[in-house]
Number of protein chains: 6
Amino acid sequence: MLNIMANRVAVFRREHFNAAHRLHNPSLSSEENTRLFGKCNLPNYHGHNYELIVKVTGEIDPKTGYVIDTKTLSDLVNEHIISKFDHRNLNLDLPEFKELNPTAENIVMVIFNILRPLLSEQLSLQLRLYETPRNFVEYPAI
Amino acid sequence: MLNIMANRVAVFRREHFNAAHRLHNPSLSSEENTRLFGKCNLPNYHGHNYELIVKVTGEIDPKTGYVIDTKTLSDLVNEHIISKFDHRNLNLDLPEFKELNPTAENIVMVIFNILRPLLSEQLSLQLRLYETPRNFVEYPAI
Amino acid sequence: MLNIMANRVAVFRREHFNAAHRLHNPSLSSEENTRLFGKCNLPNYHGHNYELIVKVTGEIDPKTGYVIDTKTLSDLVNEHIISKFDHRNLNLDLPEFKELNPTAENIVMVIFNILRPLLSEQLSLQLRLYETPRNFVEYPAI
Amino acid sequence: MLNIMANRVAVFRREHFNAAHRLHNPSLSSEENTRLFGKCNLPNYHGHNYELIVKVTGEIDPKTGYVIDTKTLSDLVNEHIISKFDHRNLNLDLPEFKELNPTAENIVMVIFNILRPLLSEQLSLQLRLYETPRNFVEYPAI
Amino acid sequence: MLNIMANRVAVFRREHFNAAHRLHNPSLSSEENTRLFGKCNLPNYHGHNYELIVKVTGEIDPKTGYVIDTKTLSDLVNEHIISKFDHRNLNLDLPEFKELNPTAENIVMVIFNILRPLLSEQLSLQLRLYETPRNFVEYPAI
Amino acid sequence: MLNIMANRVAVFRREHFNAAHRLHNPSLSSEENTRLFGKCNLPNYHGHNYELIVKVTGEIDPKTGYVIDTKTLSDLVNEHIISKFDHRNLNLDLPEFKELNPTAENIVMVIFNILRPLLSEQLSLQLRLYETPRNFVEYPAI
């Protein structure tokens, strides 16, 4: 049974940022980090071209024909996410990952928690984050 | 909690059409249209390579192994959508947009309303429409 | 109304295999097979670069920051699916399709039935299978 | 025999613009235009998401490690091409196409003639222009 | 030193076909075939979604603004290549590969030899053939 | 005039690696590095999913139908490039970039100088390296 949100349309906007990171849980030993994360734990970092797809769902405004102007949405994501994440080292430069391992799962939840309060409560938000074209995550899961 | 449709499989078929349009609400002033839609409101139109993904969900027919033959689905979409939208000016050539602003949100709903009655009631329909690789919409939203 | 799985994240891993097949229902006459499947029923087989996207949904393990390690997931899919399907003739080489027509719908269900018991019950599984970039299926349908 | 340009590296930058056009040779009759261009000649225009790949070839500057800074190249293309072509009607808005049929071949030559004088003579320039993912052109041809 | 073909533009058209094949040199022993081609030599065939990009280079016709109408080019490729290769088994169904191993290299040369005589001598022809997104060939090499 | 290499076919293999880097010329002042490289010079590195396309050109071996076995080519690139570059920090981990700024131009030349001696002199080598889908380089330039 499909849960259709009657008269609701989802709008997607794709953005990207390039960042360095390493997978590392500071509360574990070095050996345990190596065992869990392999080459992703190498000490000098590696990096990715992250692709972020922001999905905003709501009713169409009859005046504009928009659920949300994708330019408005793009500006919001650029101001609050891309400007902070792009060309940065996630482990070193972002306070959110001082204690939190920057896996794709954790990154997408951090981004969600930044963006969610910036949108009207009448709009639903879901994010997809590509770490590579073959590894990606979605939050919240449907 | 996942709403699985037991024994139901979704089949997707991707089609495309190239069209001109401009964003314009004829009930608003010229200044208001410029303010709302910026360069998308420029008077001589611009255009897109629209990509349409049609998702049809249902049970597998044990005789064919198909939910729906993608050739049948492609023929249906070509006859009722592509032949009318491709190489057209959405504002000028399609009666559906004489009063309705051809945003991606409105286009996807117009296409849905054409296709929905053409499919068996036992099949669910959802559409995704790409205006560009970075801006796209989905209806109905899940 | 969106069915959010609170605190659950979906992890996706993309794999591929190249296989030959033909669409053929052995319980039907040759004429009926030709009528139903056209050139897809030609006797000497054709083939595809199948792309398989495996979606696993669950809660983040606070120790690793993973729902599931994509390397673990990739190894599982390679051991149980890719090693059996890649560079094979689905009709001739795979016992699952001795009686079952290898449509995309049936292939995705066969793969699901192999993978589902290999994952913890606390993880949800959904598969998307591309037969071509324009024809693809998803199971279970949401 | 390969014509290698010793120590020369090619740098590519991808940009895009969305425009409306119709294929029409104003010096021919309406019937002849219909015969030659079919639905591409329909009077109210259609449109495309054009993708432009700019290839600049030269020696690496030992100070920067660049042949050309892709940011500089992107700014140049945006100032002189994208700002003029994006969200425009090529036939009506661009003086270059008042008499010239805006086929992909003619568009790529017009863009080349704008960009070529803006680059140092020690740099080679080649352009690829995608009208759709399946139809594209390159100038000058190698 | 760049060999520019003055006033010449390259036009590309992308087509595709789905086919089965196996790599096998009938003049070699079974052991030697296994050693050389591994799983690509498995007896019951596998298959691919082949993508073919046809590049035709020439001068722009001032009447049409075309080097060649991509519709004409597409029709030519469909009539002479796609209709013969699509949904076929290259080893069994195509006389060209009765003695010739259907590697991507040999397939692209076979296609070139079919298409070359069908084009005017004033047009240059080059082909790119994708066997998978990661393995592809080009002929003639530049 | 096209420089065809008679009977020569180009074979391409696509590989990828994920690495961290920053653009920095150690012989220049910090201010000059900031002025030249902007956010690409930020001290804690950023990263990319690099895509490397290796093009090898030669005559077809009549025994195998190959110019070069793409598996052999892939193994060579993985052993000599991917194993050294993947999940590494180019500035810190690779001796080649201790003094050399890891721009895409310099990286592609470093990779070329590693691979060129490993291939037969009868084979030509050209590389394309994508830093992002919109910024890429080719060496040697044709």
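Computed from a predicted model, the values in this text were never measured in an experiment.

### Some thoughts on the overall build of chain A
Thought 1: What chain A contains, in helices and strands, is 4 helices and 5 strands.
Thought 2: For chain A, the N- to C-terminal ordering of α and β elements is β-α-β-α-β-α-α-β-β.
Thought 3: With the principal axes as the frame, chain A shows a C-alpha extent of 60 × 35 × 25 Å.
Thought 4: Within the span of chain A, comprising 142 residues, buried residues form 65% of the whole.
Thought 5: Sequence separation of at least 24 residues holds for 68% of the intrachain contacts in chain A that already meet a minimum separation of 6.

### Digging into the packing of helix α2 (residues 70-85) of chain C against helix α4 (residues 104-115) of chain C
All names here are of chain C.
Thought 1: Interaxial distance between α2 and α4 falls to 10 Å at its minimum, and their mutual angle equals 145°. When the axes of α2 and α4 are compared, the crossing they make is right-handed. Along the contact surface, α2 presents V77, H80, I81 and F85, while α4 presents I107, V110, I111, I114 and L115.

### Examining the interface of chain B and chain A
Reports often express the size of an interface as the amount of accessible area lost when the parts come together.
Thought 1: In this assembly, 29 residues from chain B lie in contact with 29 residues from chain A.
Thought 2: Summing both partners gives a buried area of about 2,400 Å² for chain B against chain A, and 56% of it is carried by carbon and sulfur.
Thought 3: The largest contributions to the chain B side of the interface with chain A come from E105, R134 and I142 of chain B, which together make up 27% of the buried area.
Thought 4: Linking chain B with chain A are 2 salt bridges, by the criterion used here.
Thought 5: Note that E15 of chain A and R134 of chain B form a salt bridge whose closest N and O atoms lie 3.4 Å from each other.
Thought 6: At the junction of chain B and chain A, the tally comes to 11 residue pairs in polar contact (both at pLDDT 80 or more).
Thought 7: Of all the secondary structure elements, the ones that give two or more residues to the side of chain B that touches chain A are α1 (30-37), α4 (104-115), β4 (124-132) and β5 (135-139) of chain B.

### Focus on helix α4 (residues 104-115) of chain E
Thought 1: For α4 of chain E, with 12 residues, the first-to-last C-alpha span of 16 Å sits near the 16 Å given by 1.5 Å per residue.
Thought 2: Taken across its 12 residues, α4 of chain E has 11 buried, putting it largely inside the fold.

### Regarding the arrangement of the chains
Thought 1: One finds no contact between chain B and chain E; the C-alpha atoms of the two approach each other to within 14 Å at their closest.
Thought 2: At no point do chain C and chain F touch; the closest pair of C-alpha atoms across them sits 14 Å apart.

### Concerning the relation of the copies chain B and chain A
Thought 1: The two copies are related by a screw operation: chain B maps onto chain A through 120° of rotation and 0.0 Å of translation along the axis, at an RMSD of 0.0 Å. Such values leave the two copies arranged in the relation of a three-fold axis.
Thought 2: Little of the interface of chain B is mirrored in chain A, where only 17% of its interface residues again form contacts.

### Here's the deal with unusual backbone geometry
Negative phi characterises most residues that are not glycine, and trans characterises most peptide bonds.
Thought 1: Omega for the peptide link from Y139 of chain D to P140 of chain D comes to -10°, which places this bond in the cis form.
Thought 2: Mapped onto the fold, P140 of chain D is located in the segment after β5 (135-139).
Thought 3: With phi around 60°, H87 of chain B is a residue other than glycine that occupies positive phi space.
Thought 4: Looking at where H87 of chain B falls in the secondary structure, it is placed in the loop between α2 (70-85) and β3 (88-89).
Thought 5: With a relative accessible area of 6%, H87 of chain B lands in the buried category.

### Quick word on the pairing of strand β1 (residues 8-21) of chain B
Thought 1: Most of β1 of chain B sits inside the fold, with 12 of its 14 residues counted as buried.
Thought 2: Bridge count for β1 of chain B against strand β2 (residues 46-59) of chain B is 14 bridges, and the pairing is antiparallel. Note on β2 of chain B: the bridge partner recorded for A19 of chain B is H48 of chain B.
Thought 3: As defined by bridge partners, β1 of chain B adjoins strand β5 (residues 135-139) of chain C across 4 bridges and the pair is classed as antiparallel. Pairing of V11 of chain B across the sheet is with V137 of chain C, part of β5 of chain C.

### Concerning helix α1 (residues 30-37) of chain F
Residues and elements named next belong to chain F.
Thought 1: Residues E32, N33, L36 and F37 constitute the buried set of α1. Buried positions in α1, seen along its axis, are confined to an arc of 105° and lie on one side of it. Exposed residues lying more than 90 degrees from the buried face of α1 are E31 and R35.
Thought 2: Downstream of α1 by a residue or two, G38 has a phi angle that is positive, lying close to 50°.

### Considerations on the packing of aromatic side chains
Thought 1: A complete count under the given rule lists 36 aromatic pairs over all chains for this structure.
Thought 2: Taken together through their ring pairs, the aromatic side chains of F12 of chain A together with Y130 and F136 of chain B make up a single cluster.
Thought 3: Across the ring face of F12 of chain C, the terminal group of R128 of chain A is positioned such that the distance to the ring centre comes to 4.7 Å.

### Side note on the pattern of salt bridges
Thought 1: The final tally for this structure, using the stated rule, is 48 salt bridges over all chains.
Thought 2: Put simply, E138 of chain A and R128 of chain A hold a salt bridge, and the shortest N to O gap is 2.8 Å. Of this pair, E138 of chain A sits in strand β5 (residues 135-139) while R128 of chain A sits in strand β4 (residues 124-132), placing them 10 residues apart in sequence.
Thought 3: Close ionic contact of D75 of chain C with K71 of chain C constitutes a salt bridge, the shortest N to O distance being 2.9 Å.

### A few points about the environment of E96 of chain A
Residue and element names in this part refer to chain A.
Thought 1: Position of E96 among the secondary structure elements: in the loop between α3 (90-93) and α4 (104-115).
Thought 2: Taking relative accessible area as the criterion, E96 reaches 35% and is therefore assigned partly exposed.
Thought 3: Each C-alpha atom of the pair E96 and I107 lies 9.1 Å from the other, and the pair is 11 residues apart in sequence.
Thought 4: Discounting residues that sit within four places of it in the chain, E96 has contacts with V110 and I114.

### So, the environment of T70 of chain D
Thought 1: Tracing the sequence through the fold places T70 of chain D in helix α2 (residues 70-85).
Thought 2: For T70 of chain D, a relative accessible area of 21% gives the class partly exposed.
Thought 3: Residues T70 of chain D and N135 of chain D, spaced 65 residues apart in sequence, show a C-alpha to C-alpha distance of 26 Å.
Thought 4: If we ignore the near neighbours within four places in the chain, the residues touching T70 of chain D are V11 and R13 of chain D together with N135 of chain F.

### What to know about the confidence of the model for chain A
Thought 1: Model confidence for chain A is summarised by a mean pLDDT of 95, while 96% of its residues fall at 70 or above.
Thought 2: At the level of chain-chain contacts, confidence expressed as ipTM amounts to 0.95, with global pTM at 0.96.

### Quick notes on the side chain of R13 of chain D
Thought 1: Take R13 of chain D: it is sitting in strand β1 (residues 8-21).
Thought 2: Within polar-contact distance, the side chain of R13 of chain D engages the side chain of N135 of chain F at 2.8 Å.

### Side note on the environment of H48 of chain B
Thought 1: Within the fold, H48 of chain B resides in strand β2.
Thought 2: Filtering out sequence-adjacent residues up to four positions away, H48 of chain B remains in contact with F17, N18, A19, H21, E131 and T132 of chain B together with N18, G47, H48 and N49 of chain D.
Thought 3: Within polar-contact distance, the side chain of H48 of chain B engages the side chain of H21 of chain B at 3.4 Å.
Thought 4: Here the side chain of H48 of chain B touches N49 of chain D through a polar contact of 2.8 Å, side chain to side chain.

### Quick word on the pairing of strand β2 (residues 46-59) of chain F
Residue and element names in this part refer to chain F.
Thought 1: Summarising burial for β2: 13 of the 14 residues are buried, a large majority.
Thought 2: Direction of pairing for β2 relative to strand β4 (residues 124-132): antiparallel, over a ladder of 7 bridges. Note on β4: the bridge partner recorded for V56 is L125.

### Points about the side chain of H46 of chain D
Thought 1: Checked against the element boundaries, H46 of chain D lands in strand β2 (residues 46-59).
Thought 2: When its relative accessible area of 1% is taken as the criterion, H46 of chain D is described as buried.
Thought 3: Those residues in contact with H46 of chain D, other than ones at most four positions away along the chain, are N18, A19, A20, H87 and R88 of chain B together with A19, A20, H21, R22 and C40 of chain D.

Basis of the calculations
Residues numbered from 1 in each chain as written. Chains lettered and ligands numbered in written order. Predicted model: local features only at pLDDT ≥ 70, side-chain atom pairs only at ≥ 80, totals over all residues. Heavy atoms only, no water. Helix = DSSP H or I, 4+ residues; strand = E, 2+ residues; numbered from the N terminus. Buried < 20%, exposed > 50% of the residue type's maximum accessible area, 1.4 Å probe, protein only. Contact = heavy atoms within 4.5 Å. Axes fitted to C-alpha atoms, helices over the stretch in contact; angles between N-to-C directions. Left-handed = near helix turned anticlockwise from the far one by under 90°. Buried area = accessible area lost by both parts, 1.4 Å probe. Salt bridge = Lys/Arg side-chain N within 4 Å of Asp/Glu carboxyl O. Polar contact = N/O pair within 3.5 Å; in protein donor to acceptor, adjacent residues only side chain to side chain. Expected span 1.5 Å × (residues − 1). Least-squares fit on C-alpha atoms with pLDDT ≥ 70 in both. Pairing = 2+ DSSP bridges. Arc of directions from axis to C-beta. Phe/Tyr/Trp six-rings, centres within 6.5 Å; stacked < 30°, edge-to-face > 60°. Lys NZ or Arg CZ within 6 Å of the ring centre and 35° of its normal. pLDDT = per-residue confidence, 0-100.

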